[in-house]
Amino acid sequence: QVQLVESGGGLVQAGGSLRLSCVVSGSTVSNNIMGWYRQAPGKRREWVSSINSSGDFTNYADSVKGRFTISSDNAKNTVSLQMNSLKPEDTAVYYCKATPVGSNQEYWGQGTQVTVSS
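Thresholds, definitions, all that
- Residues numbered from 1 in each chain as written.
- Predicted model: local features only at pLDDT ≥ 70, side-chain atom pairs only at ≥ 80, totals over all residues.
- Heavy atoms only, no water.
- Helix = DSSP H or I, 4+ residues; strand = E, 2+ residues; numbered from the N terminus.
- Rg over C-alpha atoms; globule rule 2.2 N^0.38 Å.
- Buried < 20%, exposed > 50% of the residue type's maximum accessible area, 1.4 Å probe, protein only.
- Core = buried A, V, L, I, M, F, W, Y, C linked by side-chain atoms within 4.5 Å.
- Contact = heavy atoms within 4.5 Å.
- Pairing = 2+ DSSP bridges.
- Polar contact = N/O pair within 3.5 Å; in protein donor to acceptor, adjacent residues only side chain to side chain.
- Phe/Tyr/Trp six-rings, centres within 6.5 Å; stacked < 30°, edge-to-face > 60°.
- Lys NZ or Arg CZ within 6 Å of the ring centre and 35° of its normal.

Q: Is there a simple way to think about the overall build of the protein in this case?
A: When you go through the protein residue by residue, the secondary structure sums to zero helices and 11 strands. For 118 residues, the compact-globule estimate of 2.2 N^0.38 gives 13 Å, and the C-alpha radius of gyration of the protein, at 13 Å, lies within 12% of that figure. Each of the three principal axes of the protein carries a C-alpha extent, and together these read 40 × 25 × 25 Å. For the protein, with 118 residues in total, the buried portion stands at 44%.

The structure is reproduced here in structure tokens:
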């Protein structure tokens, strides 16, 4: 059973930074495509960033490009999202997702709240 646990959310002022972490158990990050998504109140969940299983290819939504950085750590079996220059519109619950390579299955974490005040 793959389980994902996010942490690192909180309240920060606009322009500040947060670092989210997603710890994977029951599998390894090197066997999964890992992604971060977010869902703001009243809005649909949207994709933020992804990293491939080998950790050498990343992709970002235009809204966060240049401000957010995704990374993976095989030793800690963790995926992180460094968020800089945060804006009020980044306020959302952030979710981690794992997609095993070659599989259609998806595993989600419980989410962590990020609130950016203006």
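Q: I'm lost on the nonpolar core in this one. Help?
A: Most often, soluble globular proteins have nonpolar side chains that are buried together. Leu4, Met34, Trp36, Phe68, Leu81, Met83 and Tyr94 are the most contacted members of the largest nonpolar core, which has 29 residues in total. When contributions to this core are tallied by element, the ones reaching two or more residues are strand S3 (18-25), strand S4 (32-39), strand S5 (46-51), strand S7 (68-73), strand S8 (78-83), strand S9 (92-100) and strand S11 (112-117). Apart from residues lying up to four places away in sequence, Met83 is in contact with Gly16, Ser17, Leu18, Leu20, Arg67, Phe68, Tyr94 and Val114.

Q: Help me understand unusual backbone geometry, please; the structure alone is not making it clear to me.
A: Trans peptide bonds make up the majority, and among non-glycine residues the majority have a negative phi. One non-glycine residue, Asn77, lies in positive phi territory at about 50°. Positioned with a positive phi, Ser85 is a non-glycine residue whose angle comes to about 50°. Residue position: Ser85 is located in the loop between S8 and S9.

Q: Mind showing me how you'd approach the side chain of Asp90 here?
A: Structurally, Asp90 can be placed in the loop between S8 and S9. When near neighbours in sequence (up to four residues on either side) are disregarded, Asp90 contacts Arg38, Arg67, Phe68, Ser85, Val114 and Val116.

Q: Teacher, can you tell me more about the pairing of strand S1 (residues 3-7) here?
A: In regular strands, side chains alternate between the two faces of the sheet. Judged by which residues are buried, S1 turns out to be one-sided: Leu4 and Glu6 face inward and are buried, whereas Gln3, Val5 and Ser7, on the alternate face, are not. Note that S1 and S3 share five bridges and pair antiparallel. Among the inter-strand pairings, Leu4 is bridged to a residue of S3, identified as Val24.

Q: Looking at this structure, I do not really get the side chain of Ser49. What am I missing?
A: Here Ser49 shows up in strand S5. Residue Ser49 is classed as buried on the basis of its relative accessible area, which comes to 0%. Of note is the side chain of Ser49, whose polar atom sits 2.9 Å from the backbone oxygen of Asn59. Not counting chain neighbours up to four residues away, the residues in contact with Ser49 comprise Met34, Gly35, Trp36, Asn59, Tyr60, Ile70 and Leu81.

Q: Just to check I follow, could you spell out the packing of aromatic side chains for this structure?
A: As enumerated under the stated definition, the model contains two aromatic pairs in all. Taking the centre distance of 6.5 Å and the plane angle of 80° together, the rings of Tyr95 and Trp108 count as edge-to-face. Of this pair, Tyr95 sits in strand S9 while Trp108 sits in strand S10 (residues 107-108); the two residues are 13 residues apart in sequence, bridging distant segments of the chain. A cation over a ring is seen here: Arg45 above Tyr95, with NZ or CZ 3.7 Å from the ring centre.

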